[in-house]
Structure formats: structure tokens, C-alpha cells
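The residues making up each chain are set out below.
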Amino acid sequence: MKQENRLVTSSSRSWWRNCALHADEEIIAIDAMEDRIAPLTANLTQIRELITGLELCHHKAARWVYNIVVAIGIGKTSKGLGTRSQGRQHPIETVWQNACTALSAWNAGCPADKVDLLVDTIPASQLLTCLGGRSPLKQWQVQRVIEKTRSLINWPHSRDDPAAEYAWLLLSVGEYEFTYLDRCPECYKDHEEFWQTTVRTFIRDTENGDQANLSLALAIDNLWPCHWNFAENLQIVLEAIGGKLNTDTPFSACGRNISLVPIRGRMETISNTLMAFCGTLESGQDVDKELLELLGKQAEEKRWLAASLAKTIRLQLNPPADLRAISSMAGPDWINKE
């Protein structure tokens, strides 16, 4: 079962790896701006790295974008991945921990209606009821969900702990690329029949309004607790484990169903504002005057960063065709064959 699909490749410059596979004319023009201000200072590099790390599907994306705009305005930042003090807990982590606690209780035999917790706004008992009766397969699948969720708690401080790492079901994840696995991972060999069943179980939902099939294994792999729709995505996965494969709502993950992201309108306004700062916005578009004030006086370095952020936002909100094909998570061809 040779799998040729390569899910993510680099564009001409690694700055764009979170939003583009190939450089279009606008990206080339922005890269030319970078060349004119080279060599980059440490502050400029750090701010540009924040833009490269931006994911609009993250539950804190709106705050991240605001922080980047502030950084562009003042020319430096103290923000970044892993800058939160160890031991300091974000409220969303309680949601993740409650999900793990509830699922672990179910796996241990606790009745669903006895688990008195909330996962975001959804009662854990409601989520657990989706699973139906226990079976070895369901318990194995639920354990994978627990492990995926736990792998994000206190990350990145826990990333050096092998016991906290998640073993991917159908994705092989590198630093800048994703590929599909073509065989059962070694760590799941003792339960290969469970792995096969999980891979070949398909959730039927919609993607950008069109009917779509999503492997349960891929759904678990993409069940990111940091995603804005985590609780609803979790319910979709648990319903699929319980046997309900036709969803009431679409599964949203990374770029999949990005049109549903609740901050879309706000991000469009911010992108317009950044373009206005750069002098490239068409008339009649909404802008945020307070953000314009934060950006301050124009400078070539600021224009490069502002243009980079605006382009990144627009590409993530409206991915090009090649990225839409990736984010669809259709899965490798072999899982549809015997």
C-alpha cells in the first residue's frame, strides 16, 4: 500500500508555511519588501515568526492577532509560543482536563449519568451518553481521544515527556509537512484490528456545504483541544464511536470548514485595516481606526509586517485550491479499498 500523497510542502519562503504552498504575485511582492530591508533585526524576525505561527482556528487567535498588530506598532514583542509561565493555567485547560476526566471515568466503568462535569458548555454526561454501551473497541478508541487531548495540556512544557506524546493514527507529522500512514503504526500492532476499524469508519458530514466523508481516525488525529470548536468536535467523534456516523453539524479542524470560524468578520476587518495602513486597500472597505492608531507612523519595516499579516489572514480565511484539497482530510486512497 504505497502512499504518494504529500499533504504540506513549503512555499518559496518558510514564512508562508501556515497559509500557502506556492508564492503568488502578492507574496512575491511582499518578499521583495523583505529583501529591501534585509538583514532583518532580531525584533523584526520575532514578529514575523509570530505571523508564521498564527492559526485562525485557534481559540485565542483573535488575541494573537491583536498582539501582533501591537508588536508591529511598537517594533518589538515579548509574546510567543511557550512564553506563558510554567504552572500558569489558562481557563480553557479546565475544559480539556474535564474531557479527559470524564472519558477516563467512562473507560473505568462509571455510568455516563454519574459524571458531573462540564466540557465547555456541554454536560459530560451528555457527551458520554453518545458512546452507548461499552465494548473493547470503543474503550480503545476513547483511550486514543484521551491521549490526544492530554497531549495538549500544558504544552509546550510537556513536549519533552515521551509519555505525554500522542501516537498518530493516520497522520505522520513532521516539522513542516504531513503525510498519511500506509500501515498500522508499531505501537498499535497489538490491536491492529481496532486500528483498521477506526481508520475505515467514516463520519458523514459537510465540508464547505458539500457532502463529505471523514475517517474517524483522521477526526481523532485532528481533535485539537485548542480549536475554537473543540467541544462540538469532541461530541461528533464520540457519536461516531457510539455508532452515529451522520452528523448534525460539520466537523471543523484547522482549515477544514474554516468558513465557520466565529471571528471571520473581525479578521476580515483587521486585514482591511492592515492593507489600508500599507496603502493597498480598495475604497469602501471597513477598517478599524483604533488599530490604525496602534500601528503608528508608516515605515518600510512596518509595511512589510503589516502586509505579511494581512495576506496570511486572507489566505487562511480563503485558502487557495491546493490548500483546500489538503484541509479536506479526505484520507489516503487505500482506506477505501480492501
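A few points on the structure.

Criteria and thresholds
Residues numbered from 1 in each chain as written. Predicted model: local features only at pLDDT ≥ 70, side-chain atom pairs only at ≥ 80, totals over all residues. Heavy atoms only, no water. Axes fitted to C-alpha atoms, helices over the stretch in contact; angles between N-to-C directions. Helix = DSSP H or I, 4+ residues; strand = E, 2+ residues; numbered from the N terminus. Parallel < 35°, antiparallel > 145°, perpendicular 65-115°, else oblique. Left-handed = near helix turned anticlockwise from the far one by under 90°. Contact = heavy atoms within 4.5 Å. Phe/Tyr/Trp six-rings, centres within 6.5 Å; stacked < 30°, edge-to-face > 60°. Buried < 20%, exposed > 50% of the residue type's maximum accessible area, 1.4 Å probe, protein only. Lys NZ or Arg CZ within 6 Å of the ring centre and 35° of its normal.

**Comments concerning the packing of helix α3 (residues 61-74) against helix α12 (residues 300-317)**
Each pair of packed helices gets described by two things: the angle between the helix axes and the distance between those axes.
Part 1 of the argument: α12 packs onto α3 with a crossing angle of 165° between their chain directions and a minimal axis gap of 9 Å. Here α12 runs roughly antiparallel to α3, going by the angle between their axes. As for how α3 packs across α12, the hand of that crossing is left-handed. Mapping the contact onto sequence places Val-65, Ile-68, Val-69, Ile-72 and Gly-73 in α3 and Lys-302, Leu-305, Ala-306, Leu-309 and Ile-313 in α12.

**Considering the packing of aromatic side chains**
Part 1 of the argument: Considering all chains together, one arrives at five aromatic pairs under this definition.
Part 2 of the argument: Seen from their ring centres, Trp-15 and Trp-304 are 6.3 Å apart, and the 65° between their planes marks the pair as edge-to-face. Taken together, the residues span a long stretch of sequence, with Trp-15 in the segment before α1 (25-37) and Trp-304 in helix α12 at a distance of 289 residues. Across the pair, exposure class does not vary: Trp-15 and Trp-304 are buried alike.
Part 3 of the argument: Centre to centre, the rings of Trp-140 and Phe-194 are 6.0 Å apart; their planes meet at 55°, and the pair counts as tilted. Here the residue Trp-140 occupies a position in helix α6 (residues 136-150), and Phe-194 occupies one in helix α7 (residues 192-199), the gap between them amounting to 54 residues.
Part 4 of the argument: Owing to a relative accessible area of 15%, Phe-194 belongs among the buried residues under this scheme.
Part 5 of the argument: Among the aromatic side chains, those forming a connected cluster through ring pairs are Trp-140, Tyr-188 and Phe-194.
Part 6 of the argument: Positioned over the ring face of Trp-140 is Arg-144, at 4.7 Å from the centre of the ring.
Part 7 of the argument: In this arrangement the basic side chain of Lys-148 is found over the ring face of Trp-224, its NZ or CZ atom lying 3.7 Å from the centre.

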